[in-house]
Amino acid sequence: MRALPHPLLPAFFPEGGALRARALQAYLLSLAPAYAPYPPLPPVRLFVLSERDWRARLPYPYGLPFQHAGREGLALYAPLTYPERLLHRLREVLLPLGPPPGEIPAFLDLNLGHEYAHALQVAWRLRTGARWLDEFLANYLFLLGLERERPDLARLLLAWGRYLSGLDPGRRSLSAYERRRGNLGSALWFQAHFTLKAAELLAQDGDRLLKELLAAAPLDRRKGHRLLVELYPELRAWFAAFGLRAAPGGAPSPRPGP
């Protein structure tokens, strides 16, 4: 593996991957100043892998970027190229919505920033153990970084969020989201709604939620949920629409409308 050294985000790649690795590294580093006012940024290794290298190192299907925390520290994994089978699967999911607001590979690259936000969650002790809550908070962190440092990409992410919110996820409960893996349309629908709600909170209060989360760290499911509804009581109705009860110890959420 070849390397592009950096104290915060070194990148590793096979022969022929230098340009792509440099571009992804530069994109993630462009977001870093947005997070500098908070706890120190952790070192995160970026691996841009061919399918052969991916399969040799990882137990997951080749294609979708993801974040991993292990004994060797925090790492992000991205493909050297997106496999056609993944792009075909995404095109099939998006077909009922009409033309998307951008190219699918560029959208997947954009969401590498979401995976970087997950790495920050781990370093800052903001993981809760609840899949839906961790994804919601990662969307909030990701969008905060984009709005501060890459507003052009923030607008693009929100355009994708509005577009993907038109998908039919089947079951719309957060408990089903916790249990279901591999349903791409459902995952995209939930992520879209998390992004759009995060945008509302950022427009309302800027980084207030992040500061409160950091003050309350380390988080768990109970603490994270309670903090959200204490800061934003209107979220009770939003959670109820997904079949989620009020935060532990709080008043019951209103019933969702018909």
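(A) Here's a closer look at the overall build of the protein chain. Per the secondary structure count, the protein chain includes twelve helices and five strands. Relative to the 2.2 N^0.38 estimate, which gives 18 Å for 258 residues, the radius of gyration of the protein chain is 18 Å and therefore close to what a compact globule would have. Its C-alpha atoms give the protein chain principal-axis dimensions of about 55 × 45 × 35 Å. Long-range contacts, defined as pairs at least 24 residues apart, comprise 62% of the intrachain contacts of the protein chain with a sequence gap of at least 6.

(B) Highlighting helix α1 (residues 18–35). Counted at 1.5 Å a residue, the expected span for α1 with its 18 residues is 26 Å, and the 26 Å between its end C-alpha atoms agrees. Listed as buried for α1 are Arg 20, Ala 21, Leu 24, Gln 25, Tyr 27, Leu 28, Leu 31, Ala 32, Ala 34 and Tyr 35. The buried residues of α1 occupy one face: seen down the axis, they fall within an arc of 160°.

(C) The arrangement of the confidence of the model for the protein chain in detail. With 93% of its residues at a pLDDT of at least 70, the protein chain reaches an overall mean of 91. Of the regions scoring below 50 in pLDDT, residues 246–258 engages in 24 contacts with residues more than four places distant in sequence or in other chains.

(D) Region of interest: unusual backbone geometry. Each neighbour pair has its own omega, and for Ala 217 with Pro 218 the value is 5°, a cis peptide bond. Considering the arrangement of structural elements, one finds Pro 218 in the loop between α10 (208–216) and α11 (221–231). Unlike most non-glycine residues, Arg 125 shows phi in positive territory, near 60°. Of note, Arg 125 is situated in the loop between α5 (112–123) and α6 (131–149).

(E) Inspection of the layout of surface pockets at higher detail. Of the voids in this model, the largest pocket is the one considered here, and its volume is about 1,300 Å³. In terms of lining residues, the largest pocket is bounded by 42 residues, among which Leu 64, Pro 65, Glu 115, Arg 131 and Gln 191 are the most central. Only β4 (66–70), α3 (84–94), α4 (104–110), α5, α6, α7 (151–164) and α9 (184–205) provide two or more residues apiece to the lining of the largest pocket. Sort the elements by how many residues they give to the lining of the largest pocket and α9 lands first, with seven residues. Taken together, the residues of the lining of the largest pocket sort by class into 21 nonpolar, 13 polar and eight charged.

(F) Seen up close, empty space enclosed by the protein. Scanning the model with the defined rule gives one cavity of 30 Å³ or more in all. Reported here for the largest cavity is a volume of approximately 30 Å³. What lines the largest cavity is simply Gln 121, Leu 126, Leu 137, Tyr 140, Leu 141, Leu 210 and Leu 213. Mapped onto the lining of the largest cavity, the elements with two or more residues apiece are α6 and α10. No other element matches α6, which puts three residues into the lining of the largest cavity. When its residues are assigned to classes, the lining of the largest cavity shows six nonpolar, one polar and no charged.

Basis of the calculations
- Residues numbered from 1 in each chain as written.
- Predicted model: local features only at pLDDT ≥ 70, side-chain atom pairs only at ≥ 80, totals over all residues.
- Heavy atoms only, no water.
- Helix = DSSP H or I, 4+ residues; strand = E, 2+ residues; numbered from the N terminus.
- Rg over C-alpha atoms; globule rule 2.2 N^0.38 Å.
- Contact = heavy atoms within 4.5 Å.
- Expected span 1.5 Å × (residues − 1).
- Buried < 20%, exposed > 50% of the residue type's maximum accessible area, 1.4 Å probe, protein only.
- Arc of directions from axis to C-beta.
- pLDDT = per-residue confidence, 0-100.
- 1 Å grid on protein atoms, 1.4 Å probe; cavity = no way out; pocket = protein on both sides within 12 Å on 5 of 7 lines; lining within 4 Å.
- Points joined across faces, edges and corners; volume = space filled by probe spheres on them.
- Nonpolar A, V, L, I, M, F, W, Y, C, P; charged D, E, K, R; others polar.

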